Amino acid sequence: MLVTAFNGSPRKNGNTSRMITELFKPLQEAGIETREIRIGGHKVRGCIACGQCRAKNLGRCIFDDDPVNEWIDAMHASDGIILASPTYFATITTEMKAFIDRGGFSAGNRLYRKVG
């Protein structure tokens, strides 16, 4: 079993990363494999709702010029998904928002019954 945490903070060892580390401890003690992917600080494009990912049933975004498709693949390969982000002006970071929009839109029903 694999649980992946996607860290929306641009700070490498910031509070969000420390919270993920604490969250992972009981999972690791239970023998569950964990990994953290830091998405904060990367240049990512937002979803433009072009629909090509769904029309072509790709399961990933049609745009492949940033790391979002790698993160989408990691999400599909995981049994559990954690989304963690600091709060910036009462919302998540822009990188996390782009990942959620593009990953969720392109996934179709591929994330159905994933633990989050």
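Below: a short report on this structure. Since the structure is predicted, the reported quantities are computational estimates derived from the model, not experimental observations.

**Looking at the pattern of salt bridges**
Here is step 1 of the chain: Under the defined criterion, the tally for this structure stands at five salt bridges.
Here is step 2 of the chain: Residues Arg-60 and Asp-73 are paired through a salt bridge, measuring 2.8 Å at the closest nitrogen-oxygen approach. Of the two residues, Arg-60 sits in the loop between helix 2 (52–55) and helix 3 (68–77) while Asp-73 sits in helix 3, which places them 13 residues apart along the sequence.
Here is step 3 of the chain: What makes Arg-60 partly exposed here is its relative accessible area of 26%.
Here is step 4 of the chain: Among the residues examined, Asp-73 registers a relative accessible area of 36% and is labelled partly exposed.
Here is step 5 of the chain: Among the salt bridges present, the one from Asp-66 reaches Arg-102, with a minimum N-O distance of 2.7 Å. Taken together, the residues Asp-66 in the loop between helix 2 and helix 3 and Arg-102 in helix 4 (residues 94–107) connect sequence positions 36 residues apart. Of the two residues examined, Asp-66 and Arg-102, each falls in the buried class.

**Re the sheet that holds strand 1 (residues 2–7)**
Here is step 1 of the chain: Reading across the sheet, the three strands line up as 2-1-3 and stay open at both edges, with parallel pairing between neighbours. In the strand order of this sheet, the two ends are held by strand 2 (33–38) and strand 3 (80–84), each with one partner. Strand-to-strand, the axes of this sheet are offset by a mean angle of 20°, without reference to chain direction.
Here is step 2 of the chain: As paired strands, strand 1 and strand 3 are joined by five bridges and run parallel to one another. Residue Ala-5 lies in a different strand from strand 3, and its bridge partner there is Ile-82.

**Let's talk about the side chain of Ser-17**
Here is step 1 of the chain: In this fold, Ser-17 is placed in helix 1 (residues 15–29).
Here is step 2 of the chain: Engagement of the side chain of Ser-17 in a polar contact is seen with the side chain of Glu-36, the distance being 3.3 Å.
Here is step 3 of the chain: For Ser-17, the residues in contact, after removing those within four places along its chain, are Asn-7, Lys-12 and Glu-36.

**So, helix 1**
Here is step 1 of the chain: Compared with the 21 Å implied by 1.5 Å per residue over 15 residues, the 22 Å span of helix 1 between its first and last C-alpha is a close match.
Here is step 2 of the chain: Along helix 1, the residues classified as buried are Thr-16, Ser-17, Ile-20 and Phe-24.
Here is step 3 of the chain: The inward-facing, buried residues of helix 1 contact strand 1, strand 2 and strand 3.
Here is step 4 of the chain: Backbone geometry just after helix 1 places Gly-31 at a positive phi near 85°.

About the cut-offs
Residues numbered from 1 in each chain as written. Predicted model: local features only at pLDDT ≥ 70, side-chain atom pairs only at ≥ 80, totals over all residues. Heavy atoms only, no water. Salt bridge = Lys/Arg side-chain N within 4 Å of Asp/Glu carboxyl O. Helix = DSSP H or I, 4+ residues; strand = E, 2+ residues; numbered from the N terminus. Buried < 20%, exposed > 50% of the residue type's maximum accessible area, 1.4 Å probe, protein only. Pairing = 2+ DSSP bridges. Axes fitted to C-alpha atoms, helices over the stretch in contact; angles between N-to-C directions. Polar contact = N/O pair within 3.5 Å; in protein donor to acceptor, adjacent residues only side chain to side chain. Contact = heavy atoms within 4.5 Å. Expected span 1.5 Å × (residues − 1).

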